[in-house]
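Observations on the three-dimensional arrangement
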Amino acid sequence: MAYQSLYRRYRPQKFSDIRGQEHVVKALRNAVRDDRVGHAYLLSGPRGTGKTTAARILAKVLNCQNPADGEPCGVCDSCVSIEGGTSFDLHELDAASNNKVDDIRDLLSKVALGTPGRTKVYLLDEVHMLTAGAENALLKTLEEPPDHVVFVLATTEPHKVVPTIRSRTQQLELTLIAADQMAELVREIGTDAGLDINDEIVGHVVKVGGGSARDTLSALDQVVAAGGVGDIDSSTADLLESIAASDPAMAIAAIEAAGERGADPRRIGERFIDALRTVFLLKMGSPPSRLSEPEIELAKRFVDRLTPAAITRSLETVGRALVDMRQAPDPRIDLEVAFVRLTNPAVDSSHAALVARIEALEAGAPSPAPAAAVAATPTPVAPPAAEATAAPPPATPAPVESSDSSSPPLPTGGRPA
Ligand SMILES: [Zn+2]
């Protein structure tokens, strides 16, 4: 049997299985029990907090042959087909990839048709991504919804949903799950799945997951696959080392190695930021609480080797790359470009990069940039115009060694068109 991720295997089947969202669960369950379910709900909240899971459970209970106390039975034909993704009573559309007016019209054209079950549920995920035309088409349907239809709109960014749509929905907000609640969930799942996990692993995956059940359980999957927390973090240590040593090849190799172990680029970047923040706080004399021994040890290694300017520049650059990755066809490129910039300030003409070069000079280290670039700059805070005339064009970065010869050449800035 193919391996099923813990997140899928332990996906809540009933409202009462959803953790940390008591008010949302109560509102939906009571509405079902009292037979006053609305025509449209807007579920908002960070990724991995249970928005689409709640929508699927709602679709189940509204079509279940034996609902009890506002919960689906989970075993009737309807419940099974919704769980298996084969039901005609639940229609899902990911607005992030199907945001055109034709996509939404196609979906809505079936709204008026009958349904095999009692209620047809439309789940529109990332609804804030719809184009204006698609929003209008949706709005028309929300103005006069047929009796047997319930819309569940889900979004991570409710402020981007137009007010005309928001005002026609009942809004329910899901929140990040508290660390102690998440730790309890991880322990329960660990026991049920027969995993050998200890407090260090629980603490690690809860921190990596950042309050998202999906991210926490995929972190647990990775720890289990890697055989422990230690292995997972070697790429983070290598990335910190690459910044301290200004070594782009080491950074690229670390990203590649982490990718081969199954970590996605986003997770690699987030882990790096997490570790760097620990270094930063340690440097400022206030280490964060609830860290494992290996995490503290790792941070201590870099406290004296990274300057505050290098740390803030790294946090900003990788943080920006994480945002850009959301829209990127190949997020790994964003991460690689960010680290090439950080490990090789000569390719970066930003103010922060100049400060990094000056810091390196002051520390007596050989400058990674052509000496003329700094010597010709009159003051450390040259205005942009002076910088443009004084600085030579950025040097071409040295070819980066990579064992993956099929990789496209790295761009030196921006995203490929
Ligand atoms: Zn059922």
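Residues numbered from 1 in each chain as written. Predicted model: local features only at pLDDT ≥ 70, side-chain atom pairs only at ≥ 80, totals over all residues. Heavy atoms only, no water.

Quick notes on the coordination of the zinc ion
Reference values for angles at a metal are 109.5 degrees in the four-donor tetrahedral case and 90 or 180 degrees in the six-donor octahedral case. Taken together, the protein ligands of the zinc ion are Cys64 (SG), Cys73 (SG), Cys76 (SG) and Cys79 (SG), with distances of 2.2 to 2.3 Å. What the four donor atoms of the zinc ion show is an angle range of 99 to 120° at the metal, which sorts the shape as tetrahedral. Between consecutive donor residues of the zinc ion, the sequence gaps follow C-x8-C-x2-C-x2-C. Assigned by exposure class, Cys76 and Cys79 land together as buried. (Donors = N, O, S within 2.8 Å, 3.2 Å for Na, K, Ca; no water. Tetrahedral: all angles 85-135°; square planar, octahedral: opposite > 155°, others 65-115°. Buried < 20%, exposed > 50% of the residue type's maximum accessible area, 1.4 Å probe, protein only.)

With respect to the sheet that holds strand 3 (residues 120-125)
As summarised here, the arrangement of the five strands in space is 2-3-4-1-5, forming an open sheet in which the pairing is parallel. The two strands at the open ends of the sheet, each matched to only one other strand, are strand 2 (90-94) and strand 5 (170-173). Sheet twist, expressed as the average angle between the axes of neighbouring strands with direction ignored, equals 15°. Of the pairings in the sheet, the one linking strand 1 (residues 40-44) to strand 5 comprises four bridges and is parallel in character. (Pairing = 2+ DSSP bridges. Helix = DSSP H or I, 4+ residues; strand = E, 2+ residues; numbered from the N terminus. Axes fitted to C-alpha atoms, helices over the stretch in contact; angles between N-to-C directions.)

With respect to the packing of aromatic side chains
Think of a pair of aromatic rings as described by two things: how far the centres are apart, and how the planes are tilted against each other in angle. One pass over the full model with this rule turns up two aromatic pairs. A centroid spacing of 5.3 Å and a plane angle of 25° characterise the contact between Tyr122 and Phe151, whose relative ring orientation is stacked. A residue pair is termed long-range when its members are at least 10 positions apart, and Tyr122 in strand 3 and Phe151 in strand 4 (residues 149-155) qualify at 29 residues. Side by side, Tyr122 and Phe151 carry an identical accessibility label, which is buried. Taken together, a centroid distance of 4.8 Å and an interplanar angle of 75° make the contact between Phe272 and Phe339 edge-to-face. Here the residue Phe272 occupies a position in helix 14 (residues 265-283), and Phe339 occupies one in helix 17 (residues 331-343), the gap between them amounting to 67 residues. (Phe/Tyr/Trp six-rings, centres within 6.5 Å; stacked < 30°, edge-to-face > 60°.)

Re helix 2 (residues 22-33)
Compared with the 16 Å implied by 1.5 Å per residue over twelve residues, the 16 Å span of helix 2 between its first and last C-alpha is a close match. All of the buried residues in helix 2 are Val24, Val25, Leu28, Asn30, Ala31 and Val32. Residue Asp35 follows helix 2 closely and has a positive phi angle near 55°. (Expected span 1.5 Å × (residues − 1).)

So, the pattern of salt bridges
Counted according to the given criterion, the structure contains 18 salt bridges. The shortest N-O distance in the salt bridge between Glu157 and Lys160 comes to 2.8 Å. For Lys160, a relative accessible area of 45% gives the class partly exposed. Among the charged side chains, a salt-bridge network with shared partners connects Arg47, Asp215, Arg266, Arg267 and Glu270. (Salt bridge = Lys/Arg side-chain N within 4 Å of Asp/Glu carboxyl O.)

Regarding the environment of Ala237
With respect to the helices and strands, Ala237 occurs in helix 12 (residues 234-244). Judged by its relative accessible area of 10%, Ala237 falls in the buried class. When sequence neighbours within four positions are dropped, the list of residues in contact with Ala237 reads Leu298, Arg301 and Phe302. (Contact = heavy atoms within 4.5 Å.)

Worth remembering: the numbers are spatial, not functional.
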